[in-house]
Amino acid sequence: DDADTRQVDASFDAYDLPYDVIWLDIEHTDGKKYFTWDLKKFPDPEKLQRDIASRGRKVVTIVDPHIKRDDGYSIHKEA
């Protein structure tokens, strides 16, 4: 979640460990639907990305080559 991601980021600084990218697995999504965010876990994903970018780092979200079959998911409906 947002707090955990920020804690990991801060821990790299606390231990003076360099890194360029923090990866988020599928748990960042809304119901495992790619190209979405779980806004309960990540209430402001754009701010999270800006904050991490302010230190020269990037946030990368995992995207596997499949789309969840869900009629309520716009990406699936458009496919």
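Above this note sits the structure.
Residues numbered from 1 in each chain as written. Predicted model: local features only at pLDDT ≥ 70, side-chain atom pairs only at ≥ 80, totals over all residues. Heavy atoms only, no water.

Enquirer: How should I be thinking about the overall build of the protein in this particular structure?
Expert: Counting its secondary structure elements, the protein contains three helices and two strands. Counting from the amino terminus, helix and strand elements in the protein follow one another as α-β-α-β-α. With respect to the principal axes defined by its C-alpha atoms, the protein has extents near 45 × 25 × 15 Å. Among the 79 residues that make up the protein, the fraction classed as buried is 27%. At a minimum sequence separation of 6, the contacts of the protein that also span at least 24 residues come to 60%. Accessible surface computed for the protein: about 5,700 Å², of which carbon and sulfur atoms make up 52%. (Helix = DSSP H or I, 4+ residues; strand = E, 2+ residues; numbered from the N terminus. Buried < 20%, exposed > 50% of the residue type's maximum accessible area, 1.4 Å probe, protein only. Contact = heavy atoms within 4.5 Å. Areas by Shrake-Rupley, 256 points an atom, 1.4 Å probe, with all protein chains shown as cover.)

Enquirer: Got a minute to help me understand the pairing of strand E1 (residues 21–24) in this structure?
Expert: As a general feature of sheets, a regular strand has side chains that alternate between the two faces. By the alternation rule, side chains of E1 split into Ile 22 and Leu 24, which are all buried, and Val 21 and Trp 23, of which none is buried. Relative to strand E2 (residues 58–61), E1 is paired through four bridges, and the arrangement is parallel. Bridge assignment links Ile 22 to a residue of E2, and that residue is Val 59. Once you follow E1 into helix H2 (residues 45–53) and on to E2, the crossover reads as right-handed. (Pairing = 2+ DSSP bridges. Right-handed = clockwise from strand over helix to strand, strands pointing away.)

Enquirer: How should the pattern of salt bridges be read in this particular structure?
Expert: Any two side chains of opposite charge can pair, so long as their charged atoms come close to each other. Applying the stated criterion across every chain, the model contains seven salt bridges. Residue Arg 55 is joined to Asp 9 by a salt bridge in which the shortest nitrogen-to-oxygen separation is 2.3 Å. Here Arg 55 is found in the loop between H2 and E2, whereas its partner Asp 9 is found in helix H1 (residues 2–14), with 46 residues between them in sequence. Residue Arg 55 is classed as partly exposed on the basis of its relative accessible area, which comes to 39%. (Salt bridge = Lys/Arg side-chain N within 4 Å of Asp/Glu carboxyl O.)

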